[in-house]
Amino acid sequence: MEGVLLIAKSTNPWGIINKMCRKPENFNRSLNTIQTDNGFTSNTYETASVLINKFFPDDSIDTDVHKRTRLEFELSPDTEDEPQFTAEEVERAIKN
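Everything numeric in this text was worked out from a predicted model, so none of it was measured.

1. Some points on the pairing of strand β2 (residues 33–36)
Next up, step 1: Of the strand pairs in this sheet, β2 and strand β3 (residues 39–40) are connected by two bridges, and their pairing is antiparallel. Bridge assignment links Q35 to a residue of β3, and that residue is F40.
Next up, step 2: Where β2 folds back onto β3 in an antiparallel hairpin, the turn is made up of two residues.

2. A closer look at the pattern of salt bridges
Next up, step 1: Using the criterion set out here, one finds one salt bridge in the structure.
Next up, step 2: The salt bridge involving D62 is made with R70; its shortest N-O contact spans 2.5 Å.
Next up, step 3: Overall, R70 belongs to the partly exposed group, its relative accessible area being 39%.

3. Quick word on a nonpolar patch on the surface
Next up, step 1: There is a patch of nonpolar side chains on the surface, built from F85, V90 and I94 and spanning about 370 Å² of accessible area.
Next up, step 2: Its location among the elements puts I94 in helix α4 (residues 87–95).
Next up, step 3: Taking the relative accessible area as the measure of exposure, I94 reaches 69% and is therefore exposed.

4. Some words on the side chain of T41
Next up, step 1: On the secondary structure map, T41 appears in the loop between β3 and α2 (44–55).
Next up, step 2: A polar contact is formed between the side chain of T41 and the side chain of T47, at a distance of 2.7 Å.
Next up, step 3: Setting aside residues no more than four positions away along its own chain, T41 makes contact with N32, T33, I34, T36, E46, T47 and V50.

About the criteria used
Residues numbered from 1 in each chain as written. Predicted model: local features only at pLDDT ≥ 70, side-chain atom pairs only at ≥ 80, totals over all residues. Heavy atoms only, no water. Pairing = 2+ DSSP bridges. Helix = DSSP H or I, 4+ residues; strand = E, 2+ residues; numbered from the N terminus. Salt bridge = Lys/Arg side-chain N within 4 Å of Asp/Glu carboxyl O. Buried < 20%, exposed > 50% of the residue type's maximum accessible area, 1.4 Å probe, protein only. Patch = residues over 30% accessible without salt bridge, like charges linked within 9 Å, V, L, I, M, F, W, Y side chains within 5 Å. Areas by Shrake-Rupley, 256 points an atom, 1.4 Å probe, with all protein chains shown as cover. Polar contact = N/O pair within 3.5 Å; in protein donor to acceptor, adjacent residues only side chain to side chain. Contact = heavy atoms within 4.5 Å.

Right, dumping it as structure tokens:
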């Protein structure tokens, strides 16, 4: 079937991209439809939604660990600022 790409449950998402990019004739093709548990997607928006939900699942479960992490992230550390980089340090980083 033209334009159909099947995604296995254990697939590496970059494997699909790599497979499509290996052939120059695929450069101008777009991913139109993929197979899901409910059949095939019917448009680009639906296809993108399936891919986003598969490879970036919802992270709405809020455990105590998540709550503590968020609180700690919002707190500013009570430490002195680091000194500014010197011109020599910047040049060395660029050259290496």
